[in-house]
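# Tertiary structure, described
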Number of protein chains: 2
Amino acid sequence: MLIVNTGNGKGKTTAAIGQVIRALGHGQKVCLIQLFKGKDFYGEQLILKKLKNLEFRSFAPKHPYCFGNKGHEAAKTECLKALKFVKKLAKGRKIYDLVVLDEFNIALREGYIKLKVLLEILKELSLKSNVIITGRCAPRLLISSADLVTEMKEVKHPFNKGIRAEKGIEF
Amino acid sequence: MLIVNTGNGKGKTTAAIGQVIRALGHGQKVCLIQLFKGKDFYGEQLILKKLKNLEFRSFAPKHPYCFGNKGHEAAKTECLKALKFVKKLAKGRKIYDLVVLDEFNIALREGYIKLKVLLEILKELSLKSNVIITGRCAPRLLISSADLVTEMKEVKHPFNKGIRAEKGIEF
């Protein structure tokens, strides 16, 4: 099954993390692949890396917008590494019940990875594993290929009142 | 801060669970109060109850729709117990950085708990703890009192094709 969490609201990644915990609770094997999120910044990373049956990979740890054009090149190289890793999962025997591709929609939006290539990989991978892709701006073709799509829609957010990101909530 | 996850789509509870994991990762103390969800049915429950710094309470474990009118009465009694517990948290000294009230919107919708009473409790509680309320059909007054509201909007769901709930995804 192919699942997409998209939209401009909060909850795309946290819902995927909730799914990881749900799957692990049933003794399932999970692979979480994060883009642009560093390794020890988000609170969940500190818990997840201790859990049994979870393979946790982080690529392009620095968000490209922090590093100008040079950052874009480095991020693209890292995203292609991530894609190669996902392709290996798609081609090999089934290892994971759930594979989470966190923020891959952003890598698509930035042109770091090609939609056509990702869709081909997903077609194969989602036959053996449940796959969740997160990130705003999911492309229409990805949505039409998916089985379950949720739009996390911002109704109200404190950022709009100038309130800064809070530890334990935003990261 | 008062946070609401609502809407007809998937991800309201899982996003709250993701927030629990995020907060715990930063060493924060968390209280998760679930309604209508049993104790060992959802995969996440099996992981969560092993985690340090998390107080996990389950009320009205049987969903009222499974038990006709008698079920409604029993569920209401349990929801009022849950509300009493939340009120105690609101009145006492701060213990938890995050309090999750899972499916409390359903208890409101069913008339098991009164919106006015809950809002008064939340006003006090959200001054000391971040509070997340989940469940579809969040009432307008709750939304206007909240700081951060996300609507999880169903774009596509396999249930609509007659596909049944899958272990590790829906529970």
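Residues numbered from 1 in each chain as written. Chains lettered and ligands numbered in written order. Predicted model: local features only at pLDDT ≥ 70, side-chain atom pairs only at ≥ 80, totals over all residues.

### A closer look at the environment of A:I113
Residue and element names in this part refer to chain A. Selection rule: Only DSSP runs of H or I covering at least 4 residues are called helices, and only runs of E covering at least 2 are called strands; the numbering of each starts at the N terminus. Our contact criterion uses C-beta atoms placed from the backbone: two residues qualify when those atoms are within 7 Å.
Structurally, the position occupied by I113 is in the loop between α4 (104-109) and α5 (115-128). Spatially, the C-alpha atom of I113 lies 14 Å from that of P64, the residues being 49 residues apart in sequence. Once you skip the residues sitting within four places of it in the chain, I113 turns out to touch C79, L80, L83, A107, L108 and L118.

### Overview of the interface of chain A and chain B
In plain terms, the rule: Here the nonpolar group is Ala, Val, Leu, Ile, Met, Phe, Trp, Tyr, Cys and Pro; Asp, Glu, Lys and Arg are the charged ones; every other residue, Gly included, is treated as polar.
The partner chain B presents 44 residues to the 44 residues of chain A that form the contact. Going through the elements one at a time, α1 (12-25), α2 (43-48) and β6 (148-156) of chain A are the ones with two or more residues in the side of chain A that touches chain B. Counting residues per element, the side of chain A that touches chain B draws most heavily on α1(A), at 11 residues. Looking at side-chain class alone, the side of chain A that touches chain B contains 18 nonpolar, 16 polar and 10 charged residues.

### What to know about the confidence of the model for chain A
As a reminder of what qualifies: Per-residue confidence from the predictor is given as pLDDT, running between 0 and 100.
Summing up the model confidence of chain A, the mean pLDDT is 94 and the portion of residues at 70 or higher is 97%. Among the scores for the predicted complex, ipTM is 0.94 and pTM is 0.95.

### Side note on α1(A)
Applicable threshold: Each residue after the first adds 1.5 Å to the expected span of a helix.
The end-to-end C-alpha distance of α1(A) is 20 Å, a good match for the 20 Å that 14 residues give at a rise of 1.5 Å each. Positioned one or two residues after α1(A), A:G27 has a phi angle of 80°, which is positive.

### Points about the environment of A:N5
Tracing the backbone through its elements, the reader meets A:N5 in strand β1 (residues 2-6). Considered as a pair, A:N5 and A:A75 are 70 residues apart in the sequence and their alpha carbons are 22 Å apart. When near neighbours in sequence (up to four residues on either side) are disregarded, A:N5 contacts A:K12, A:A15, A:A16, A:I132, A:T134, A:T150, A:M152 and B:G11.

### Re the relation of the copies chain A and chain B
Operational definition: To line up the copies, we fit them by least squares on C-alpha atoms, keeping just the residues with pLDDT of at least 70 in both.
Its rotation angle being 180°, the transformation that places chain A on chain B also includes 0.0 Å of axial translation and leaves an RMSD of 0.0 Å. Here the transformation between the copies is reduced to the relation of a two-fold axis. Relative to the rotation axis, the closest C-alpha in chain A is found at A:A15, a distance of 1.8 Å. The fraction of interface residues of chain A whose copies in chain B are also interface residues reaches 100%, indicating that both copies meet through the same surface.

### Here we look at the sheet that holds strand β6 (residues 148-156) of chain B
Rule in force here: Note on pairing: two strands pair once DSSP finds at least 2 bridges between them. Lines fitted to C-alpha atoms define the axes here, with helix axes fitted over just the stretch in contact, and angles between the N-to-C directions of these axes take values from 0 to 180 degrees.
Strand order in the open sheet made by the 12 strands is β3(A)-β2(A)-β4(A)-β5(A)-β1(A)-β6(A)-β6(B)-β1(B)-β5(B)-β4(B)-β2(B)-β3(B), with mixed pairing throughout. The sheet is open, and its two edges are formed by β3 (54-59) of chain A together with β3 (54-59) of chain B, each paired on a single side. For this sheet, the mean inter-axis angle between neighbouring strands, taken without regard to orientation, is 15°. On the sheet, α5(A) packs against β1, β4 (98-102) and β5 (130-134) of chain A and is oriented at approximately 135° with respect to β5(A). Relative to strand β5 (residues 130-134) of chain B, helix α5 (residues 115-128) of chain B is tilted by about 135°, and along the sheet it contacts β1 (2-6), β4 (98-102) and β5 of chain B.

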